[in-house]
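If you want the building blocks of each chain, they are given just below.
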Amino acid sequence: MKTIKYIIRIFHNINFDKMFETTKKISKRKKQLTIFVVFDMIWCALRYGAGYNDYLYFGLYALKSKYRKTYITRGYNNKLVNALNKKEDMHILDNKNEFNELFKDYLKRDWIYLDNGDKKTFIKWLENKDEIIAKPNNGSGGVGIEKIIVSDFSNPEQLYQYLKDKKLQIIEEVLKQVDYLNEIHDKSVNTVRIITITNNDKTLILNAFLRVGNGGFVDNTCSGGMVVPIDITKGETIYPGTDLEENVYDIHPLTNRDIVGIKIKDWDACVELVKKASKLCPTIRYVGWDVAITPFGPCLIEGNPYPGYYYQFPIYLPDKIGFMPKVKDILNELNLDI
């Protein structure tokens, strides 16, 4: 019954144009009538809780049942979120001002929340800053974030009004990242996403990947960036990059830098950071942490109470086994029955 209710909610909000575009793409690949693809897609939604993006990106259309059931789908990811994250407390991570306040010791950057001050406070904060990052207080995927050159405005008052009109409430200084990540793509801060599950005082890492920009000033895949899996035992990228257009990058197309074999030199410090952070919000136990690496060490950018699960691209899973078995192992180790 819960599965049926979930499917009804999904179909209520579904983008049918995008879904049919996806079915046509898969139909062409499989050389199969679209109607058969649609029926199989619906079956995967009912049986495995898979959305049409799961069906496409994970290559479920080409897999047998014994493999399909090993993937973390949208439905199962939501099940984890509902079981591990207290809904009433998610605002702590969703609202950037609350996040910055709670995790202020781990930010390594100056910031201001416009709704907590006035124009005079902002102008004072802006002194000696040539660039700033401006964000809406709520949002995800890098949507609405702007990198602003202060000199593009005739005076601080004009900039302040611009930020207020655009509802950009979180204003931060621009972070400087370590040279080896800057050389890969210097227009964005290329962050490490580390997904953790916590129970009581124990935190385990489910997965990690490097997110790299590709022309824009944010590294999110939904904004054109790419994702690169990290071997969590070594802190090193082990596969090429992939984006949501299913392009594969052995080298970065703009900088010609190798994508495979990037050593995250502060990896142990990154792991220690997210484990410490996990203890500050004990009611949110399943989190995707975004970590930037600066010359002064790693720092938190944000925490996501709906962690991404799109790291299960076929190129990263040559044995066709998804990450469900690993999730189950972690839940067992943490004595969680989900």
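Throughout this description, residue numbers start from 1 for each chain and increase along the sequence as written. pLDDT decides what is reported in this predicted model: residues at 70 or higher carry local features, side-chain atom pairs at 80 or more are listed and counted, and totals for whole chains, interfaces and linings draw on all residues regardless. Processing note: side-chain calculations cover all non-hydrogen atoms of the structure and skip hydrogens and water entirely.

Engineer: Sorry if this is basic, but what is going on with the overall build of the chain here?
Structural biologist: Regarding its fold elements, the chain presents 13 helices and twelve strands. Compactness check: the chain gives a C-alpha radius of gyration of 21 Å against a globular reference of 20 Å for 338 residues, within 12% of the reference. With respect to the three principal axes, the spread of C-alpha positions in the chain is 60 × 45 × 40 Å. Using a 1.4 Å probe on the protein chains alone, a residue whose accessible area is under 20% of its type maximum counts as buried, one over 50% counts as exposed, and one in between counts as partly exposed. Buried residues in the chain amount to 53% of all 338 residues. Excluding contacts between residues fewer than 6 apart, the proportion of contacts in the chain whose partners are at least 24 apart in sequence is 64%. In short, Shrake-Rupley with a 1.4 Å probe defines the accessible areas, and a residue's cover is counted only from the protein chains shown. Of the roughly 16900 Å² of accessible surface on the chain, a fraction of 51% belongs to carbon and sulfur atoms. Put simply, DSSP H or I for four residues or longer makes a helix, DSSP E for two residues or longer makes a strand, and each gets a number counted from the N terminus. Taken over C-alpha atoms, the radius of gyration is set against a globule rule of 2.2 Å times the number of residues to the power 0.38. Throughout, a contact is declared for two residues whenever any of their heavy atoms are within 4.5 Å.

Engineer: Quick question: what am I supposed to make of unusual backbone geometry here?
Structural biologist: What you tend to see is this: most non-glycine residues have negative phi, and most peptide bonds are trans. Positive phi outside glycine occurs at Lys31, with the angle close to 55 degrees. Position of Lys31 relative to the elements: it lies in the loop between α2 (16–30) and α3 (34–48). Relative accessible area serves as the criterion here: at 78%, Lys31 is assigned to the exposed category. Although it is not a glycine, Lys167 adopts a positive phi angle of roughly 55 degrees. Tracing the sequence through the fold places Lys167 in the loop between α10 (156–165) and β4 (170–173).

Engineer: Sorry if this is basic, but what is going on with the packing of aromatic side chains here?
Structural biologist: Aromatic ring pairs are defined here through the distance separating the ring centres and the angle between the ring planes. Classification of ring pairs uses Phe, Tyr and Trp, with its six-membered ring standing for Trp, and accepts pairs whose centres are within 6.5 Å; under 30 degrees between planes counts as stacked, over 60 as edge-to-face, and the remaining range as tilted. Taken as a whole and judged by the stated rule, the model has 13 aromatic pairs. Ring centres of Tyr57 and Phe313 lie 6.1 Å apart, and the angle between their planes is 90 degrees; on these two criteria the pair is classed as edge-to-face. Of this pair, Tyr57 sits in helix α4 (residues 52–57) while Phe313 sits in the loop between β12 (297–304) and α13 (324–333), and the two are 256 residues apart along the sequence. Given a relative accessible area of 12%, Tyr57 falls into the buried group. A network of ring pairs unites the aromatic residues Tyr57, Tyr239, Phe313 and Tyr316 as a single cluster. The rule for a charge over a ring is simple: NZ of Lys or CZ of Arg within 6 Å of the ring centre, and within 35 degrees of the ring normal. Its guanidinium or amino end placed over the ring of Trp125, Lys129 lies 4.3 Å from that ring's centre, counting from NZ or CZ. A cation over a ring is seen here: Lys320 above Tyr67, with NZ or CZ 5.7 Å from the ring centre.

Engineer: What exactly am I supposed to notice about empty space enclosed by the protein here?
Structural biologist: The probe, sized like a water molecule, is rolled over the atoms to show the empty space still left. Here a cavity means grid points, on a 1 Å grid over the protein atoms only, where a 1.4 Å probe fits yet cannot get out; a pocket means an open set of points with protein on both sides within 12 Å along at least five of seven lines; lining residues are those with an atom within 4 Å of a point. Grid points are joined across faces, edges and corners, and a volume is the space filled by probe spheres set on the points. Tallying each qualifying case throughout the model produces one cavity of 30 Å³ or more. Empty space within the largest cavity amounts to approximately 40 Å³. Any residue outside Ala, Val, Leu, Ile, Met, Phe, Trp, Tyr, Cys, Pro, Asp, Glu, Lys and Arg is labelled polar, Gly included; the first ten of those are nonpolar and the last four are charged. Per-class residue counts for the lining of the largest cavity are three nonpolar, two polar and four charged.

Engineer: What's the story with the sheet that holds strand β2 (residues 131–135) in this structure? I'm lost.
Structural biologist: Where strands meet in a sheet, backbone hydrogen bonds hold them as pairs that are either parallel or antiparallel. Strands pair, by our definition, only if DSSP identifies at least two bridges between them. Taken in spatial order, the four strands make up an open sheet running β1-β4-β2-β3, and their pairing is antiparallel. Two strands lie at the open edges of the sheet, namely β1 (111–113) and β3 (146–149), each paired on one side alone. Across this sheet, the average inter-strand angle for adjacent strands is 25 degrees, counted without regard to direction. On the sheet, α10 packs against β2, β3 and β4 and is oriented at approximately 170 degrees with respect to β3. Axis lines are fitted through C-alpha atoms, for helices just across the contact stretch, and the angle between N-to-C directions can take any value from 0 to 180 degrees.

Engineer: I would appreciate a short explanation of helix α9 (residues 119–126) in the present structure.
Structural biologist: Note that an α-helix has 3.6 residues per turn; residues three or four places apart therefore point the same way. All of the buried residues along α9 are Phe122, Trp125 and Leu126. On an axial view of α9, the arc spanned by its buried residues comes to 100 degrees, and they lie on one face. Relative to its buried face, α9 has exposed residues pointing more than 90 degrees away, namely Lys120 and Lys124. Summarising the contacts, the buried residues of α9 are in contact with β1, β2, α10 and β4. This arc is taken over the directions from the axis of the helix to the C-beta atoms.

Engineer: What is the right way to read the packing of α9 against α10 from this model?
Structural biologist: Each pair of packed helices can be described by the angle between their axes along with the distance between the axes. Interaxial distance between α9 and α10 falls to 10 Å at its minimum, and their mutual angle equals 115 degrees. Taken together, the axis directions place α9 and α10 in an arrangement best described as roughly perpendicular. Of the two elements, α9 crosses α10, and the hand of that crossing is right-handed. Mapping the contact onto sequence places Lys119, Phe122, Ile123 and Leu126 in α9 and Pro156, Glu157, Leu159, Tyr160 and Leu163 in α10. Residues of the contact of α9 with α10, tallied by class, amount to seven nonpolar, no polar and two charged. Roughly parallel means an angle under 35 degrees; roughly antiparallel means over 145; roughly perpendicular covers 65 to 115; every other angle is labelled oblique. In this scheme the crossing of two helices becomes right-handed for a clockwise turn of the near helix relative to the far one and left-handed for an anticlockwise turn of less than a right angle.

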